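Residue-level listing of the chains:
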Amino acid sequence: MSVDVAESAAAPRRAAEPARRRPPQGFDRPRFLRVFAGVFFLVLFAPIGLVILFSFNSSRSLQDFQGFSLRWYEQFFQSESLRDSLIASVQIALVTMVVATVLGTMLAYGLVRARTRWSSAANVMMLVPLVTPEIVAGASALLLFTQVGLELSITTIVLAHITFSISYVTVVVRARLSALGREVEDASMDLGATRWETFRLVTLPALWPAVIAAGLLVFALSFDDFVLSFFTTGESPQPLPVRIWTQIRFGVRPTINAIGTFMLVVSTLSIGLALLLPRLFGRRESGLGVLMGREGA
Amino acid sequence: MSAIRFEGVTKRFGEAVAVDDLNLEIQKGEFFSLLGPSGCGKTTTLRMVAGFEQPSEGRIYLDGEPVETVPPYNRNVNTVFQSYALFEHLNVEDNVAFGLKRRKIPKDEIRTRVAEALELVELRGCEKSQPSELSGGQKQRVALARALVNRPSVLLLDEPLGALDLKLRKQMQVELKGIQREVEITFLYVTHDQEEALAMSDRIAVMEGGQVKQCSSPEDVYEHPTGPFVAGFIGVSNLLPGVAENGGVRLSSGELCKADVPGDCAPGAQVQLSVRPEKIWTEEAEEGMVSIEGTVVERVYVGTSTQVIVELGSGVRLIALDQNFSRAKADDRWEIGDRLTVSWHPEHSLVLR
């Protein structure tokens, strides 16, 4: 035992050594790939950087930066309609997150554990919302809501968001559940735990990094969704992305940059939290691995 | 009263019959092995005892009580799984205590019993370790302690040593047998490794195609296999095809081998003559032995012994095992192409149909 601990502690140190000795220009890592990667990230992040920069601009201009100020943030938070939209967006995202996570987890459990001839078909069908063009999803949701006479409101947006979010949760949780294997649940029942106790004491603790990660992912997706919200929103309050779009039609104002930066921060935070949480609670796996369905180390 | 009794137990998965009319009685305190190739129904049998599968027909009795209506969590049996199936989010101590907590055992008693169980599997000092920090052998021990701590009336083991390397496996075999003797719990052990079954079991049931082919002590199963399948599956056996005659078997190569032909085996019947490699002599024969001449086609040096593969007339091959009593040399006695005489005592051969 003591030998094992010593070994595992020494392992990272040993692994680090060869990296130091590696020749600076190995034939397997040509320089142009680094340049390529650099250009890629520049193109990817430069526009976002510009938005952030100009959100702090003291002048109205969208071309030259004239000094630091928070006036656009002030305008954003003082505008009542924008504040209502922000609150609506957060509400929508929260409800969507909770409901979709619960339903998606249940669906994943059913798909993995119920081995019937239908489950493989259901496994494929579940992916349909992920590949359906959002225009189609939005239009069909709108059609459905008007057909059944549901008045468009925050509720209809939430319903539409939940529908497409369930698939994301299921994909993430299902991967985790398959990796967990059936024998662990068998072992729990073998040791005297009922089905419910087994789910509560064994399955859920093993699943929760995936469940939390999926929930935060859904929050981010719902929070900045535009197309689906656009089709299913009522008059007011409109969710933030729809509100921004409405505003832009009357001319681009620098407030947009402030709102954009703010939304970026919220989305990044929720995804970052999804990646970090498993680690904070002492799991040796990364949230990224959980989201991508990789098994923990 | 027997610990487990199977009464005409059959299990079907759709069309496939996994277990076919199983009748077995396992005694209290016995180390009983179900041995067979993959797909022979041994694991299904185990899972039916644990309660994870229901028999399609027949009944299973645990301690004399029929158990078909008892769910797994209310059966007085515990399982050691092939994959260990440890709870990764719990440390070693909590893994072992899991079963006791479900049964609402007082905290103090849980602590002592967990400590005892970890002592038994020599894992004291690892109480707070996470399963992911343990080696394969240690995980194996945790799984064993987690099951034994509940003092089940039967412990079910599903190829528990399958994932360990050879050396550790041999060591664990000896330990498992010792632990079983110490706790005096009935062990039902599933394995495809015949050596493992021979080394540990009080009795072995050799299974094939959902049926028990032979159920007996290790010595009996090895020395007196009742059929070609058992003879071939347990250890290495030379199975020489031939025809039964009065007082022996006429091999397809023409030689008549003296052997004890069973009474129900009419002369002229197609049979196989089974001889274990270690019973075959390659030195000069004794009085009354069966002797056949052949050609060495291969010799395989394996350390403790040398396998000599001999081709008899008409292409029948047979393996003889030469013990390396003295230190082996590279220029050993047998060269490929040598002629030699193999011989065995007629009572060491078996006529199988």
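Details of the structure are given in the entry above.
Residues numbered from 1 in each chain as written. Chains lettered and ligands numbered in written order. Predicted model: local features only at pLDDT ≥ 70, side-chain atom pairs only at ≥ 80, totals over all residues.

Things to note about the overall build of chain A
Then, in step 1: Counting secondary structure elements, chain A contains 14 helices and zero strands.
Then, in step 2: When the helices and strands of chain A are listed from N to C terminus, the series reads α-α-α-α-α-α-α-α-α-α-α-α-α-α.
Then, in step 3: Put simply, chain A has 297 residues, and 32% of those count as buried.
Then, in step 4: Sequence-distant contacts, at least 24 apart, represent 72% of the contacts inside chain A between residues at least 6 apart. (Helix = DSSP H or I, 4+ residues; strand = E, 2+ residues; numbered from the N terminus. Buried ≥ 20, exposed ≤ 12 C-beta atoms within 10 Å, placed from the backbone. Contact = placed C-beta atoms within 7 Å.)

A word on the sheet that holds strand S9 (residues 203-208) of chain B
All names here are of chain B.
Then, in step 1: Taken in spatial order, the six strands line up as S6-S7-S8-S3-S9-S10 in an open sheet, and their pairing is mixed. Looking at the sheet topology across the chains shown, the edges are occupied by strand S6 (77-80) and strand S10 (211-216). Each strand of the sheet is rotated relative to its neighbour by a mean of 20°, with strand direction disregarded.
Then, in step 2: Pairing geometry for strand S7 (residues 154-158) and strand S8 (residues 186-191), over five bridges, is parallel. Across the sheet, the residue bridging to Leu 155 is Phe 187, located in S8. (Pairing = 2+ DSSP bridges. Axes fitted to C-alpha atoms, helices over the stretch in contact; angles between N-to-C directions.)

Digging into the sheet that holds strand S2 (residues 16-26) of chain B
Sheets are built from strands paired through backbone hydrogen bonds, the pairs being either parallel or antiparallel.
Residues and elements named next belong to chain B.
Then, in step 1: As summarised here, the arrangement of the four strands in space is S2-S1-S4-S5, forming an open sheet in which the pairing is antiparallel. Looking at strand neighbours, the two that pair on one side only are S2 and strand S5 (65-66), the edges of this open sheet.
Then, in step 2: Note: strand S4 (residues 57-62) against S5, two bridges, orientation antiparallel. From the neighbouring strand, Tyr 61 faces S5, where its bridge partner is Pro 66.

Observations concerning the packing of helix H4 (residues 80-113) of chain A against helix H8 (residues 154-180) of chain A
Residue and element names in this part refer to chain A.
Then, in step 1: The N-to-C vectors of H4 and H8 enclose an angle of 40°; their axes lie 6 Å apart at closest approach. Taken together, H4 and H8 sit at an angle that is classed as oblique. In terms of crossing hand, the pair formed by H4 and H8 is right-handed. (Parallel < 35°, antiparallel > 145°, perpendicular 65-115°, else oblique. Left-handed = near helix turned anticlockwise from the far one by under 90°.)

Focus: the environment of Gly 137 of chain B
All names here are of chain B.
Then, in step 1: Among the structural elements, Gly 137 can be located in helix H4 (residues 136-148).
Then, in step 2: Linking Gly 137 and Arg 5, residues 132 residues apart in sequence, is a C-alpha distance of 32 Å.
Then, in step 3: Sequence-distant contacts of Gly 137, defined by excluding residues within four places in its chain, comprise Leu 164 and Leu 168.

Some thoughts on the nonpolar core
Then, in step 1: Judged by nonpolar contacts, the single largest core of 95 residues is most densely connected at Val 49, Ala 145 and Leu 188 of chain B.
Then, in step 2: Counting the residues that make up this core, at least three belong to each of domain 1 (4-223) and domain 2 (236-352) of chain B.
Then, in step 3: Non-local contacts of Ala 145 of chain B, meaning those with residues more than four positions away in its chain, are made with Val 96, Ala 117, Leu 118, Leu 120, Val 121 and Leu 123 of chain B.
Then, in step 4: Counting 38 residues, the second-largest nonpolar core is a separate cluster that includes Ala 108, Val 158, Leu 177 and Phe 219 of chain A. (Core = buried A, V, L, I, M, F, W, Y, C linked by C-beta atoms within 7 Å. Domains from an automatic or database assignment.)

Brief notes about the environment of His 89 of chain B
Then, in step 1: By secondary structure assignment, the location of His 89 of chain B is in the loop between S6 and helix H2 (92-102).
Then, in step 2: Taking the C-beta count within 10 Å as the criterion, His 89 of chain B has 19 such neighbours and is therefore assigned partly exposed.
Then, in step 3: Sequence separation between His 89 of chain B and Gln 130 of chain B is 41 residues, and the spatial gap between their C-alpha atoms is 7.5 Å.
Then, in step 4: What His 89 of chain B contacts, discounting residues up to four positions off in sequence, is Pro 205 and Ala 206 of chain A.

A closer look at the pairing of strand S12 (residues 248-251) of chain B
All names here are of chain B.
Then, in step 1: With four bridges connecting them, strand S11 (residues 238-245) and S12 associate as antiparallel partners. Residue pairing across strands places Ala 244 opposite Val 249, the latter belonging to S12.
Then, in step 2: Between S11 and the antiparallel strand that follows it, S12, lie two residues; Gly 247 among them carries a positive phi value of about 80°.
Then, in step 3: In sequence, S12 turns back onto strand S13 (residues 256-258) through a hairpin of four residues, with Gly 254 there showing a positive phi of about 110°.

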